[in-house]
Amino acid sequence: MSAKVAIVGAGPSGCYTAQALLKRAPDLEVDILDAQPVPYGLVRYGVAADHQGTKGVARQFARVFTRQNAHFIGNLRVGRDVSMEELRGAYDAVVLAAGLSADRPLGIPGDDLPGVIGSGALTRALYEHPEAQALPELGEAPVVIGTGNVAIDILRLLAKTPEELKGSDLGPVPTDWLAARKIRRITVVGRSSAGAAKFSPVMVKELGELSQVDLRLPGCAQDAGEALKAAVAASAGPLPIEFRFQSRPVALEQADGALRLTVETPQGTEQIAATSVISAIGFTSDGALDRGTLLQEVEAGTGHLYATGWFRNGSVGAIPQCREEGQRLAQQILDEITPDPARPGRALFADRSDVVDFDHWLQLDARELAAATDQRCRQKIHLREELLRPANLQDA
């Protein structure tokens, strides 16, 4: 009798854990559950639309389902459609790999004012997540708070010309939204010094190579890395993007129909005018699962409950780290679990007509690729009702 493992979340952490489990124990029954009707999580809805090389890891993840016999159960939200108690009763082990989808609040007065936008909310709209809100109005002078790679992704997409977006999977609505933007300057605010900023050198280099970008650094950023200095030197476009390091946001207020951000710097308090503020300071749980309590149980080591990726560690770590952690976790699970033939596993969902499997995704994937244009590598289906249509009705 094979052990049964449920993995909650079909993003990189979940897929890498399944891959490692099945490589070591091919007879395992591994089910990967996801709230969305499609797999890959962060790869589909978090990796930037113009970073198709990074998105290519989805081909590797597809083999987890097509060759290693993992089973995808999509359109099933744990905590709403099935309880954690039911799941833990049905499987020999449950792995929490659901990620973090809510924007971490700025935690300053005024952070809930109109015009303050979370980077997760913005990128979900740009990348056509089924639950995304409408794309917001940014105005002529947005301010981005945060100096990690998510912030750089946003800057890059806001600054690219239509030609520079060729080959991406950006949809028609986001494409038109970007084409209609009227941004005249962008200010990037970060608490850390330039040398301690979290963005990767490769991302900064790419930003500096864009035709419209004019990167600017204040004179106090003497500790900036070579990549940032080189990007600043190489950029000579008409769109100024100024980095303001060692600037700690302390308050937001409305002023003259716009926003005013107050920051504390080594030179004292300063104010920055903004038509909108994009907060890119990390992510937190959306509350569908009681993350705090569940992580306490994981740490206690009881009940064969495990966690990985952002759900366990917070919003740190990139896709390669997901692979390393998945391999370690797979070995731990195999060392600790014993099959219980009384557990039903995926039979728990046998009577549900609202879930979808991996074959359903393959039909959607083929349809998206077939709709590609000379400008886009695929045409993403983004409405949930369309994502849920049976494959034999796709062209009806």
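Quick caveat, the model's predicted, so the values are computed rather than measured.

Peer 1: I'd like a description of the overall build of the chain, backed by residues and values.
Peer 2: Scanning the chain for helices and strands turns up 15 helices and 16 strands. Computed over its C-alpha atoms, the radius of gyration of the chain comes to 22 Å, within 12% of the 21 Å expected for a compact globule of 396 residues. The 396 residues of the chain split such that 50% are buried. About 17,700 Å² of surface is accessible on the chain, with carbon and sulfur atoms providing 49% of the total.

Peer 1: Quick rundown of the side chain of Ser276? Include the residues and the values.
Peer 2: By the element assignment, Ser276 lies in strand S14 (residues 276–279). From its side chain, Ser276 meets the backbone oxygen of Leu138 in a polar contact 2.7 Å long. Look past the residues within four positions of Ser276 in its chain and what remains in contact with it is Gly115, Ile117, Glu137, Leu138, Ala141, Pro142, Val143 and Leu259.

Peer 1: Explain the packing of aromatic side chains to me, using residue names and the numbers behind them.
Peer 2: The final tally for this structure, using the stated rule, is eight aromatic pairs. When the ring of Phe65 is compared with that of Phe72, the centres are 6.0 Å apart and the planes differ by 80°; the resulting orientation is edge-to-face. Judged by relative accessible area, which is 7%, Phe65 ranks as buried. Ring geometry for Phe65 versus Phe358: centroids 4.5 Å apart, planes at 15°, classification stacked.

Peer 1: Give a description of the layout of surface pockets that names residues and reports values.
Peer 2: By rolling a water-sized probe across the atoms, one finds the places where empty space is left. The calculated volume of the second largest pocket comes to roughly 330 Å³. As for the second largest pocket, its lining consists of 15 residues, of which Lys55, Ala58, Trp361, Asp365 and Arg378 are closest to the centre. Put simply, the parts of the chain that give the lining of the second largest pocket at least two residues each are helix H2 (42–45), helix H3 (52–55), helix H4 (57–66) and helix H14 (358–370). The residue makeup of the lining of the second largest pocket, split by class, is six nonpolar, two polar and seven charged.

Peer 1: I'd like a description of the nonpolar core, backed by residues and values.
Peer 2: Soluble globular proteins: nonpolar side chains tend toward being buried together. One finds Val5, Ile7, Val30, Ile32, Tyr40, Phe65 and Ile333 to be the most contacted residues of the largest nonpolar core, which totals 43 residues. Going through the elements one at a time, strand S1 (4–8), helix H1 (12–24), strand S2 (29–33), H2, H4, strand S4 (93–96), helix H13 (319–336) and H14 are the ones with two or more residues in this core. Contacts of Ile32, omitting those with residues within four sequence positions, involve Ile7, Gly9, Ala10, Gly14, Cys15, Ala18, Val64, Phe65, Ala70, His71, Phe72 and Ile73.

Peer 1: An account of helix H9 (residues 201–208) is needed here, citing residue identities and associated values.
Peer 2: Looking at H9, one finds that the buried residues are Met203, Val204, Leu207 and Gly208. Buried residues of H9, seen end-on, are gathered within an arc of 135° and therefore sit on one face of the element. Exposed side chains of H9 directed beyond 90 degrees from the buried face belong to Pro201, Val202 and Lys205. Among the structural elements, helix H7 (149–159), strand S9 (213–216), helix H10 (226–234) and strand S10 (239–244) are those in contact with the buried residues of H9.

Peer 1: An account of the sheet that holds strand S6 (residues 116–118) is requested, with residue identities and associated values reported.
Peer 2: With parallel pairing, the six strands of this open sheet are ordered in space as S6-S14-S7-S8-S10-S9. Two strands in the sheet have a free side with no partner beyond their single neighbour: S6 and S9. Mean inter-strand twist for the sheet, computed between neighbouring axes without regard to direction, equals 20°. Pairing geometry for S9 and S10, over four bridges, is parallel. If you follow Val213 over to S10, its bridge partner there is Leu239. Here helix H6 (residues 119–126) sits on the sheet in contact with S6 and S14, set at roughly 70° to S6.

About the thresholds
Residues numbered from 1 in each chain as written. Predicted model: local features only at pLDDT ≥ 70, side-chain atom pairs only at ≥ 80, totals over all residues. Heavy atoms only, no water. Helix = DSSP H or I, 4+ residues; strand = E, 2+ residues; numbered from the N terminus. Rg over C-alpha atoms; globule rule 2.2 N^0.38 Å. Buried < 20%, exposed > 50% of the residue type's maximum accessible area, 1.4 Å probe, protein only. Areas by Shrake-Rupley, 256 points an atom, 1.4 Å probe, with all protein chains shown as cover. Polar contact = N/O pair within 3.5 Å; in protein donor to acceptor, adjacent residues only side chain to side chain. Contact = heavy atoms within 4.5 Å. Phe/Tyr/Trp six-rings, centres within 6.5 Å; stacked < 30°, edge-to-face > 60°. 1 Å grid on protein atoms, 1.4 Å probe; cavity = no way out; pocket = protein on both sides within 12 Å on 5 of 7 lines; lining within 4 Å. Points joined across faces, edges and corners; volume = space filled by probe spheres on them. Nonpolar A, V, L, I, M, F, W, Y, C, P; charged D, E, K, R; others polar. Core = buried A, V, L, I, M, F, W, Y, C linked by side-chain atoms within 4.5 Å. Arc of directions from axis to C-beta. Pairing = 2+ DSSP bridges. Axes fitted to C-alpha atoms, helices over the stretch in contact; angles between N-to-C directions.

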